[in-house]
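Descriptive analysis of the structure
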Amino acid sequence: MSGNGNGHKYKVVLGYGTCGIAAGATAVKDALEEAVEGGGYDVDLDIAGCMGLCFKEPVVEIFDREGGSVIYGDITAKKVPQLLDEHVGKGQVIEDWVVKRSEDPNACEGDFLENQLRVVLRNCGKINPESIDEYIGIGGYEGAKKALTSMTPEEVIDEVSASGIRGRGGAGFPTGTKWGFARKSPGDVKYLICNADEGDPGAFMDRSVLEGDPHSVMEGMILAGFAIGARHGLIYCRAEYPLALKRLDIAIEECHEKGFLGENIFGTDWSFDVKVKKGAGAFVCGEETAMMASIEGQRGMPRPRPPFPANSGLWGKPTNINNVETFAAIPWIIYEGGEKYAAIGTEKSKGTKVFCLAGKVRRTGLAEVPMGYTLRQVIFDVGGGIAGGKEFKAVQMGGPSGGCLPESKLDTQVDYDQITAAGAIIGSGGMIVADNRTCMVDLARYFLSFTQDESCGKCTPCRIGTKRMLEILERICEGKGEPEDIDKLQNLAADISAASLCALGGTAPNPVLTTLRYFKDEYEDHIFNHKCAAGSCPALITLRIDPETCTGCGACVKVCPTDAITGEKKEPHLIDSELCIRCKMCLSRCPSESIISE
Amino acid sequence: MEKECTCSNRFADVDDLGPVDEIISKYGSEKGALIPLLQEAQDAYGYLDEKIMRELAQRAGYQLSQVFGVATFFSQFRLNPIGEYLIKVCHGTACHVAGATQITDEVSNQLGVKEGETTPDNKFTLESVMCLGACALAPIMVVGDDTHGKLKPTGIKKILKQYAGPTAAAEGDDA
């Protein structure tokens with residue numbers, strides 16, 4: 001945003017998405033409002049969605065009249081008076097709190113943002129998501145207006161095809177081609193669905209876009225509806241995202257007021273409307289046929305394809321489904337041109353992709369990078385490397401359908417085909433970084449317990465097969481693994497992949513297959529040596545106290561449920577491994593981190 | 001922001017069919033409205049009692065098996081009442097890697113209940129949920145309407161204390 005709007009000396013913008021609120025942004029908001037009301041500061045207060053700087057939440061950005069800005073992180077209600085006094089009152093930047101300043105964008109943690117290229121997140125953290133006027137003020141709805149008043153539906157599809165964008169929900173199917181099928185499919189009534197059922201654990205970009213820039217999703221849907229000939233739009237959003245649901249409702253209402261949704265939108269004879277459907281919690285509903293069943297009020301179970309939704313989808317009518325991130329990129333493509341989008345990225349994967357950096361990475365948050373960046377660039381240049389100075393071990397990509405890549409694959413380019421060849425998938429874009437304290441067998445067990453739990457039960461390979469795989473993984477983690485378990489896992493994985501009805505089952509074995517491919521030694525260590533080198537699996541570890549660092553504070557003694565820890569006050573303590581049940585309660589209590597699990 | 005008060009009698013009694021009347025008149029015979037119907041019923045009663053499901057099935061024209069089938073398929077629906085505060089400990093990947101198991105263990109120890117159970121004083125119900133989408137602040141849990149991030153087992157006691165006092169419910173605001 002240039003300048004600060006309506007004549008005030010400064011504009012103070014608070015990041016107000018779920019991450020920010022979870023970190024305490026509501027208290028900061030109250031403190032800011034109170035201070036500005038009482039203190040007579042010459043500022044305009046505003047909120048914005050998530051800037052993606054989750055590691056520094058709550059985040060406040062202060063703009064001056066010239067358009068320069070300073071982003072402050074870790075702001076608390078207590079810091080607000082000082083922040084306003086020094087920055088707004090005296091014009092002095094509080095260096096210690098700075099995350100990024102526009103004068104020297106790469107300094108501090110600024111390179112987190114500078115190393116990104118933001119297309120989908122172009123407005124996130126910059127505009128108030130609850131104000132359509134702010135979106136219009138930066139050129140919003142120009143793309144839709146341009147398309148509806150001066151382009152044919154075919155021209156819109158051609159532009160999207162020219163951009164080369166592939167569906168960002170996970171499967172990576174070319175969006176332009178998909179729209180073409182839906183356009184050509186005969187029928188008066190067609191449906192357009194936005195898949196906002198972000199169920200992959202570890203992915204939160206759709207939430208951030210819906211919370212931070214709901215209008216770009218609306219505009220993308222208006223364009224898609226026009227292109228394929230659908231007058232009915234639906235957003236299927238998880239109930240776990242209350243703030244996103246609230247902001248979508250506001251956005252839809254504002255669109256009606258402006259004449260962007262409803263009858264004869266943008267003054268044309270085209271009509272299009274959008275309704276929100278709240279999901280009820282089922283991972284399988286990310287699969288399109290299961291999602292449609294759930295919209296129809298049934299149990300969310302997939303059905304075989306064909307018929308494909310483009311021919312027979314919701315209520316038996318032609319239906320086109322795209323993901324939030326895909327829709328959010330569409331207005332940019334129409335406004336800037338497909339060619340400009342296609343100029344970003346690799347030969348077969350165009351444009352940018354948003355990744356959610358989480359786990360043991362130093363800077364957690366949203367990272368949007370051009371396709372073709374290497375994993376190393378994303379994790380180290382953007383993410384700032386591993387937290388706590390520990391060693392990188394693996395990156396888990398693509399959630400329960402994805403895989404874990406080791407250090408040797410860090411130079412793989414982020415590109416649908418290259419990531420798949422390496423053994424993972426781009427999927428929806430979750431990137432969970434693991435360090436040497438993460439056990440890969442346990443991680444595989446975790447994902448299988450997830451898919452097993454979420455399997456809808458319709459087809460046997462997925463329902464029973466994932467259960468059998470999980471049982472094997474559980475016994476390996478408990479130190480009861482058998483020599484033939486690795487072969488059994490591989491055989492089961494092949495059968496489940498080949499015979500499952502939908503992608504949930506078809507990809508469920510992936511976390512096991514990639515960990516077997518890259519971390520087979522850990523499985524063998526568990527099975528043959530009864531050891532968990534990461535110190536994670538309770539049945540295979542011993543806990544001991546480092547006498548060098550133990551201060552003898554006794555915190556561990558108090559929490560030990562079996563009285564296994566003894567020692568004199570202010571003297572190093574000892575754990576009796578006969579009595580220890582390895583619950584790790586002491587480990588989390590120890591203030592000097594002296595308890596070692598190995 | 002919250003209109004709803006978080007005190008223990010925030011839910012309607014299952015003998016009061018007023019909310020059912022409202023829900024039926026809102027959705028009538030709308031095609032495919034079974035899920036929103038059940039969602040609103042759960043909002044009103046706190047859970048889906050058999051009596052309420054029977055009532056909804058009959059009035060909206062569904063087979064009871066259909067209603068029960070949907071209610072047991074989706075994780076959002078509960079068939080048992082919950083305490084005053086629902087504690088949802090996130091077990092998404094980032095939270096798992098960051099030690100969500102220890103968080104659940106600690107909450108469980110503090111409250112003396114296992115997952116899915118409610119404390120005898122009807123104050124807390126403990127649940128595990130899949131990703132809540134605030135992975136960057138892992139591990140996280142939600143108590144009532146409040147999200148708490150970057151948790152450590154050592155900090156759980158203090159957080160629970162905020163909700164334990166009799167006044168917290170009466171004030172209904174703990175943001």
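Cut-offs used in this document
- Residues numbered from 1 in each chain as written.
- Chains lettered and ligands numbered in written order.
- Predicted model: local features only at pLDDT ≥ 70, side-chain atom pairs only at ≥ 80, totals over all residues.
- Helix = DSSP H or I, 4+ residues; strand = E, 2+ residues; numbered from the N terminus.
- Buried ≥ 20, exposed ≤ 12 C-beta atoms within 10 Å, placed from the backbone.
- Contact = placed C-beta atoms within 7 Å.
- Domains from an automatic or database assignment.
- Axes fitted to C-alpha atoms, helices over the stretch in contact; angles between N-to-C directions.
- Parallel < 35°, antiparallel > 145°, perpendicular 65-115°, else oblique.
- Left-handed = near helix turned anticlockwise from the far one by under 90°.
- Nonpolar A, V, L, I, M, F, W, Y, C, P; charged D, E, K, R; others polar.
- Pairing = 2+ DSSP bridges.
- Core = buried A, V, L, I, M, F, W, Y, C linked by C-beta atoms within 7 Å.

If you tally the helices and strands in chain B, you get 8 helices and 4 strands. Tracing chain B from N to C terminus, the helices and strands come up as α-α-α-α-β-α-α-β-β-β-α-α. For chain B, with 175 residues in total, the buried portion stands at 36%. The contacts of chain B with a sequence gap of at least 6 include a subset with a gap of at least 24, amounting to 61%.

On domain assignment, one finds that chain B holds domain 1 (11–73) and domain 2 (85–171). Relative placement of domain 1 of chain B and domain 2 of chain B: their C-alpha centres are 29 Å apart.

Let us now look at the packing of helix 18 (residues 460–477) of chain A against helix 19 (residues 485–499) of chain A. For any two helices packed against each other, the geometry comes down to the angle between their axes and how far apart the axes lie. Residues and elements named next belong to chain A. At a closest axis distance of 10 Å, the pairing of helix 18 and helix 19 adopts a crossing angle of 160 degrees. Judged by the angle between their axes, helix 18 and helix 19 are roughly antiparallel. Every pair of crossing elements has a handedness; the one defined by helix 18 and helix 19 is left-handed. The segment helix 18 lies against helix 19, with Pro461, Cys462, Gly465, Thr466, Arg468, Met469, Ile472 and Ile476 engaging Asp485, Lys488, Leu489, Leu492, Asp495, Ile496 and Ala499. Here the contact of helix 18 with helix 19 is built from residues that sort into 9 nonpolar, 2 polar and 4 charged.

Let us look at the domain arrangement of chain A. Residue and element names in this part refer to chain A. Entries for chain A in the domain assignment read domain 1 (10–114), domain 2 (132–341), domain 3 (352–435), domain 4 (440–528) and domain 5 (542–597). Elements supplying a minimum of two residues to the side of domain 3 that touches domain 4: strand 12 (392–397) and strand 13 (403–406). Per element, the largest residue contribution to the side of domain 3 that touches domain 4 is 3 residues, and it comes from strand 13. Its residues placed into classes, the side of domain 3 that touches domain 4 shows 6 nonpolar, 5 polar and no charged.

In this structure, A:Pro307 follows A:Pro306 across a cis peptide bond, with omega equal to 0 degrees. In this structure, B:Pro139 follows B:Ala138 across a cis peptide bond, with omega equal to -10 degrees. Along the chain, the position of B:Pro139 falls in the loop between strand 2 (124–129) and strand 3 (141–143). Here A:Asp563, not a glycine, exhibits a phi torsion of approximately 55 degrees, which is positive. Positionally, A:Asp563 belongs in the loop between helix 23 (555–559) and strand 16 (565–566). Assessed through the 9 C-beta atoms surrounding it within 10 Å, A:Asp563 is described here as exposed. In this structure, B:Asn122 takes a positive phi of about 65 degrees despite not being glycine. Tracing the sequence through the fold places B:Asn122 in the loop between helix 6 (100–111) and strand 2.

With that settled, consider the sheet that holds strand 6 (residues 191–196) of chain A. All names here are of chain A. Pairing in this open sheet of 4 strands is parallel, and the strands run 8-7-6-9 from one edge to the other. Strand pairing shows two members of the sheet lacking a second neighbour, strand 8 (273–278) and strand 9 (319–323), which therefore form its edges. Each neighbouring strand pair of the sheet contributes to a mean axis angle of 25 degrees, computed without reference to strand direction. In this structure, strand 7 (residues 232–237) lies alongside strand 8, joined through 6 bridges in parallel fashion. Its bridge partner lying in strand 8, Cys237 is registered against Lys278.

Time to look at the pairing of strand 1 (residues 85–90) of chain B. All names here are of chain B. Here strand 1 pairs with strand 2 via 6 bridges, running parallel. Across the sheet, the residue bridging to Lys88 is Glu127, located in strand 2. Of the pairings in the sheet, the one linking strand 1 to strand 3 comprises 3 bridges and is antiparallel in character. Its bridge partner lying in strand 3, Lys88 is registered against Val142.

Glancing now at the nonpolar core. Core analysis: the largest hydrophobic core is formed by 238 residues, its most contacted members being A:Leu223, A:Cys356, A:Val378 and B:Ile140. Not counting residues within four places of it along the chain, the set of residues in contact with A:Val378 comprises A:Phe355, A:Ala367, A:Val369, A:Tyr373, A:Gly383, A:Val414 and A:Met431.

This brings us to the environment of A:Leu543. All names here are of chain A. Within the element layout of this structure, Leu543 appears in strand 15 (residues 543–545). Residues Leu543 and Cys580 lie 37 residues apart in sequence; the distance between their C-alpha atoms is 7.9 Å. Residues within four places of Leu543 in sequence aside, it is in contact with Ile575, Cys580, Arg582, Cys586, Leu587, Ile595 and Ser597.

Moving on, we come to the interface of chain B and chain A. Between chain B and chain A, the residue contacts involve 35 residues of the former and 43 residues of the latter. Among the elements of the structure, helix 2 (34–45), helix 4 (64–73) and helix 5 (93–97) of chain B are those that each provide at least two residues to the side of chain B that touches chain A. Considered class by class, the residues forming the side of chain B that touches chain A number 21 nonpolar, 13 polar and 1 charged.

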